[in-house]
Amino acid sequence: MPTVLETYIENRWMVQPNHSNHLGSTHGGNVLKWMDELGAMSAMRFAGETCVTARMDQVNFKRPIPVGDTALIEAFVYDAGETSVKVRLRAARENIRTGETESTAESYSVYVAVDEDRNPVLVPDVATETDRGEQLRQRALDGEANR
């Protein structure tokens, strides 16, 4: 049974001018794409199968990520159904020189595990073997319930 921490993935993208809008900050579509890609990778690590996006919950953009900063995206599995996988997604702007971060967007997404014929397949239960894994999972469940 995969654990929450085994599904935790983070990635960074240096925001270049080709990622930006006319205001010099990351285009929201790029942030959504990065979040969805990382969410799918986390779900696939958990399920051991190809996973496709079923739902990306409401995404509120809190602040921009300017060109020259880094977009930091975090994803981890916090719950699962029979064939579905729930992934917590967070985006932040990061000053790569100082390590300073600010939250910019977040979402709860659902992916479905599929076989080669794109039919849904069963996924395992979520396990938490550490305090950190349980804290991440509980915060995600609480946040999902309160949104």
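Please read all numbers here as calculations on a predicted model, not as lab measurements.

Draft legend 1. Just the UniProt feature "domain: HotDog ACOT-type" (unreviewed entry) in the protein chain, in detail. The UniProt record marks residues 5-117 with the feature "domain: HotDog ACOT-type" (unreviewed entry), using the residue numbering of this structure. The distance separating the terminal C-alpha atoms of residues 5-117 is 30 Å; by composition the span is 20% helix and 43% strand.

Draft legend 2. Molecular detail of the pattern of salt bridges. By the definition in use, this model includes 12 salt bridges. Between glutamate 10 and arginine 12 there is a salt bridge, with its nearest N and O atoms 3.0 Å apart. Each member of the salt-bridge network shares a partner with another, and the members are Arg63, Asp69, Arg93, Glu100 and Glu102.

Draft legend 3. Seen up close, the nonpolar core. Grouped together as the largest cluster of nonpolar side chains are 36 residues, with contacts concentrated most on Met35, Phe46, Ile73, Phe76, Val85, Val87 and Tyr111. When residues of this core are traced back to their parent elements, those giving at least two are β1 (9-14), α2 (28-47), β3 (70-80), β4 (84-94), β5 (101-114) and α3 (131-146).

Draft legend 4. Structural detail: the sheet that holds β1. One open sheet holds the 5 strands; their spatial order is β1-β3-β4-β5-β2, and the pairing between them is antiparallel. If you trace the sheet from one side to the other, it starts and ends with β1 and β2 (50-56), each paired once. Ignoring strand direction, the axes of neighbouring strands in this sheet form an average angle of 30°. Relative to β5, β4 is paired through 11 bridges, and the arrangement is antiparallel. Within the sheet, the bridge partner assigned to glutamate 94 lies in β5 and is threonine 101. Across the face of the sheet, α2 comes into contact with β1, β2, β3, β4 and β5 while running at roughly 40° to β3.

Draft legend 5. The side chain of asparagine 30, seen in detail. Mapped onto the elements, asparagine 30 comes out in helix α2. Asparagine 30 has contacts with Asn18 and His19, leaving out every residue within four places of it along the chain.

Draft legend 6. The arrangement of the environment of tyrosine 8 in detail. Looking at the secondary structure, you find tyrosine 8 in the loop between α1 (4-7) and β1. Between the C-alpha atom of tyrosine 8 and that of tyrosine 78, which follows or precedes it by 70 residues, the distance is 9.7 Å. For tyrosine 8, the contacting residues outside a window of four places in its chain are Arg45, Glu74, Ala75, Phe76 and Leu136. Within the structure, tyrosine 8 has its side chain in polar contact with the side chain of glutamate 10 (distance 2.8 Å). Within polar-contact distance, the side chain of tyrosine 8 engages the side chain of glutamate 74 at 2.4 Å.

Draft legend 7. Inspection of the side chain of serine 107 at higher detail. You can see serine 107 is positioned in strand β5. Polar side-chain contacts of serine 107 include one of 3.1 Å to the backbone oxygen of aspartate 57. Ignoring any residue separated from it by four or fewer positions in sequence, one finds serine 107 in contact with Met35, Met56, Asp57, Gln58, Val59, Val87, Arg88 and Leu89.

Parameters at a glance
Residues numbered from 1 in each chain as written. Predicted model: local features only at pLDDT ≥ 70, side-chain atom pairs only at ≥ 80, totals over all residues. Heavy atoms only, no water. UniProt positions renumbered as here; feature names shortened; annotations may be inferred. Helix = DSSP H or I, 4+ residues; strand = E, 2+ residues; numbered from the N terminus. Salt bridge = Lys/Arg side-chain N within 4 Å of Asp/Glu carboxyl O. Core = buried A, V, L, I, M, F, W, Y, C linked by side-chain atoms within 4.5 Å. Buried < 20%, exposed > 50% of the residue type's maximum accessible area, 1.4 Å probe, protein only. Pairing = 2+ DSSP bridges. Axes fitted to C-alpha atoms, helices over the stretch in contact; angles between N-to-C directions. Contact = heavy atoms within 4.5 Å. Polar contact = N/O pair within 3.5 Å; in protein donor to acceptor, adjacent residues only side chain to side chain.

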